[in-house]
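# A closer look at the structure
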Amino acid sequence: MADTKREIERKYELPAPSDADEPSGLPDLTGVKGVASVHARGVVELDAVYYDTADLRLTADHVTLRRRTGGTDEGWHLKFPVSAGIRDEIRAPLADTLPDELAALVRSRVRSAGLSPLVRLTTSRDVLQLLDAKGMLLAEASVDAVRARRLIGDTGTGTGGEGAGTASWTEVEVELGDDAEPAILDAVEKKLRKAGLRPASAASKLGRALAETAPDEPGGAGTTAAKGGPRSAGDHILAYLRDQADAIVAQDPAVRRDLPDSVHQLRVATRRMRSAFRTYRKILDRSVTDPVAEELKWVAAELGVDRDHEVLDERLGSRIDALPVTLLLGPVRGRLQSWDAAQRAGSRSRTVAVLDSERYLTLLDTLDGLLTAPPLRPDAAQPATKALPRAILKNYERLAGRVGHALALAPGEERDLAMHNARKAAKRARYAAEAARPALGRPAKRFAGRMKDLQTALGDHQDSVVAREALRELAVQAHTAGESAFTWGLLYGQEEAQGERRERELPELWEKASDPRLRADLTG
């Protein structure tokens, strides 16, 4: 069974000693503020084989996968970047083959390409534990003497093939203790810098090994097409689409790990791509992109069932929390929990099944193919400042028609539906402007901001419509079970009032969003 550890560490350059018996060269770290004692844990021998695809897909995304023996945590380790110096390490027990749980987490990147041994690192690690006055581990400092061998034509023995490159170096690694404050790393770094050590130029041992065993190794997939940044309209839209494709691939393992907001972020990426396909149809051939957009719609819909219900449950839960206890008549919280459990039964397994499906993996391959050989139309060669504003303004015209229709209707179901359709048009107009922002700058940013304000208000109105439907269902269930339906009726009234407020706000919001100066600025 795999477990996860948040790894916060810093690496430093340390010249290799001329004699293996010489001291490590580390300064006395008992002088570091907060460190009461330093315990030498001795030298441990580590042997790790790193795996990747032939075209280095994991490496390109700063993801590392290794099988390591030696030390207290030997086994399979998969690391995902979080931010500079911080990674999430998922560990699985030592086995001859990659455990299924870790294989699933790299599936969106690896797909059918297969994994092969890439580099073997053997490390002699001299470990020091930095403790506070109560004996709590603040950080672990180690001096690592590393030997790297590029594995070429390897069959899994870790011996390397003919012509395999080698390298060796010594570095210092300081890793934060599980319950320690990050400030201790700053204090240790200050001491190390005074002793002449400097931050390592490579972010990881694997990165340095690849550079030193094959300095001219290609950097892997995912580079942008135009040297010096995108120039034409096609360059800009393709760069935007690559960002969304990268987001889908990156959020896949986060969804599998059930990380907060991961499903939402994956769905947003699919929606942004679909919106760009529709908006910029004079740049990309829709006969090619339409089938891809349908597959993206399928993924978003499949993943949306659980996400939409989660949002609704949070909304209703916050409404209940805000009520005085005297207005909570009957087992209100228990009724909501039971309803939530019934609605979400099996949703987690369904989500993972979608990500494991052949249809989804085929979609990822299709996106790669489309971005490698994009179906560009003549407008793709036009200057971005000419082609992109035209597409944005077409979206605005569609939005104007839908808002006007909604405002002309009397309150009721028909108007609710019209406002929902206006919300979708506002989102599309916002995404169109956001895609063009690198080319159009502040005008696109301002336009997108006004569209977002409108979308938010319309979205809240739609959420109130959905919440009312759920509250009516809950009231019926409570009544059938012999419980009081008073609280559900009260909450229904609150949601109805919220929807009415949003309807009253719409004319003013639309006046701001339809300011002619916003559109004029887009066209220069």
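In what follows, the structure referred to is the one given above.
Definitions and limits used
- Residues numbered from 1 in each chain as written.
- Predicted model: local features only at pLDDT ≥ 70, side-chain atom pairs only at ≥ 80, totals over all residues.
- Heavy atoms only, no water.
- Helix = DSSP H or I, 4+ residues; strand = E, 2+ residues; numbered from the N terminus.
- Buried < 20%, exposed > 50% of the residue type's maximum accessible area, 1.4 Å probe, protein only.
- Contact = heavy atoms within 4.5 Å.
- Areas by Shrake-Rupley, 256 points an atom, 1.4 Å probe, with all protein chains shown as cover.
- Core = buried A, V, L, I, M, F, W, Y, C linked by side-chain atoms within 4.5 Å.
- Axes fitted to C-alpha atoms, helices over the stretch in contact; angles between N-to-C directions.
- Parallel < 35°, antiparallel > 145°, perpendicular 65-115°, else oblique.
- Left-handed = near helix turned anticlockwise from the far one by under 90°.
- Nonpolar A, V, L, I, M, F, W, Y, C, P; charged D, E, K, R; others polar.
- Phe/Tyr/Trp six-rings, centres within 6.5 Å; stacked < 30°, edge-to-face > 60°.
- Lys NZ or Arg CZ within 6 Å of the ring centre and 35° of its normal.
- Expected span 1.5 Å × (residues − 1).

Before going further, it helps to spend a moment on the overall build of the protein chain. In terms of regular secondary structure, the protein chain is built from 16 helices and 9 strands. Principal-axis analysis of the C-alpha atoms gives the protein chain an extent of 85 × 65 × 45 Å. Within the protein chain, the fraction of its 524 residues that count as buried is 47%. In the protein chain, once contacts between residues fewer than 6 apart in sequence are set aside, the share between residues at least 24 apart is 73%. Only carbon and sulfur atoms are counted for the fraction: they give 50% of the accessible area of the protein chain, which is about 25500 Å².

So, on to the nonpolar core. The biggest cluster of nonpolar side chains holds 67 residues, and the ones touching the most others in it are L241, F277, Y280, L388, F447 and L454. With 12 residues, the single largest contributor to this core is helix α13 (residues 413-440). If near-sequence neighbours (up to four positions away) are discounted, F277 is found in contact with L241, L284, R286, T289, V292, A293, L296 and L370.

What follows is about the packing of helix α12 (residues 384-408) against helix α15 (residues 486-513). Contact pair α12 / α15: the axes reach a minimum separation of 11 Å and the direction vectors enclose 160 degrees. Relative to α15, the element α12 is oriented roughly antiparallel. Along this stretch, α12 crosses α15, giving a crossing that reads as left-handed. In this structure, α12 uses Y396, L399, A400, V403 and L407 to contact α15, whose residues at the interface are L506, P507, W510 and A513. Within the contact of α12 with α15, the residues separate by chemical class into 9 nonpolar, no polar and no charged.

On to the environment of D179, then. Tracing the backbone through its elements, the reader meets D179 in the loop between β8 (166-176) and α4 (183-194). Along the primary structure D179 and L137 are separated by 42 residues, whereas in three dimensions their C-alpha atoms are 7.7 Å apart.

Let's shift gears to the environment of L151. Within the fold, L151 resides in the loop between β7 (137-150) and β8. Remark: the alpha-carbon pair of L151 and K394, spanning 243 residues in sequence, is separated by 54 Å.

This part takes up the environment of Q343. The residue Q343 is located in helix α9 (residues 332-343) in this model. According to the relative accessible area criterion, Q343 is partly exposed, its value standing at 36%. It is 23 Å that separates the C-alpha atoms of Q343 and Q494, two residues lying 151 residues apart in sequence. In contact with Q343, other than residues within four places in its own chain, are H309 and E473.

Glancing now at the packing of aromatic side chains. Within this structure, the stated rule accounts for 2 aromatic pairs. Between the aromatic rings of Y51 and W76, the centroid separation amounts to 5.4 Å while the plane-to-plane angle is 40 degrees, which identifies the pairing as tilted. Remark: W76 occurs in strand β4 (residues 75-83) and Y51 occurs in strand β2 (residues 37-52); sequence separation between them is 25 residues. Comparing Y51 with W76 shows no difference in burial state: the two are buried. Between the aromatic rings of Y396 and W510, the centroid separation amounts to 5.7 Å while the plane-to-plane angle is 15 degrees, which identifies the pairing as stacked. Note that Y396 is positioned in helix α12 and W510 in helix α15, a separation of 114 residues in sequence. Assessed through its relative accessible area of 13%, W510 is described here as buried. If you follow R359 out to its NZ or CZ, it ends over the ring of W298, 4.1 Å from the centre.

Let's shift gears to helix α7 (residues 262-279). Between the first and last C-alpha of α7 there are 26 Å, a value that for 18 residues agrees with the 26 Å anticipated at 1.5 Å per step. Among the 18 residues of α7, 14 are classified as buried, and the element is accordingly described as predominantly covered.

What is shown is where atoms sit, not what they do.
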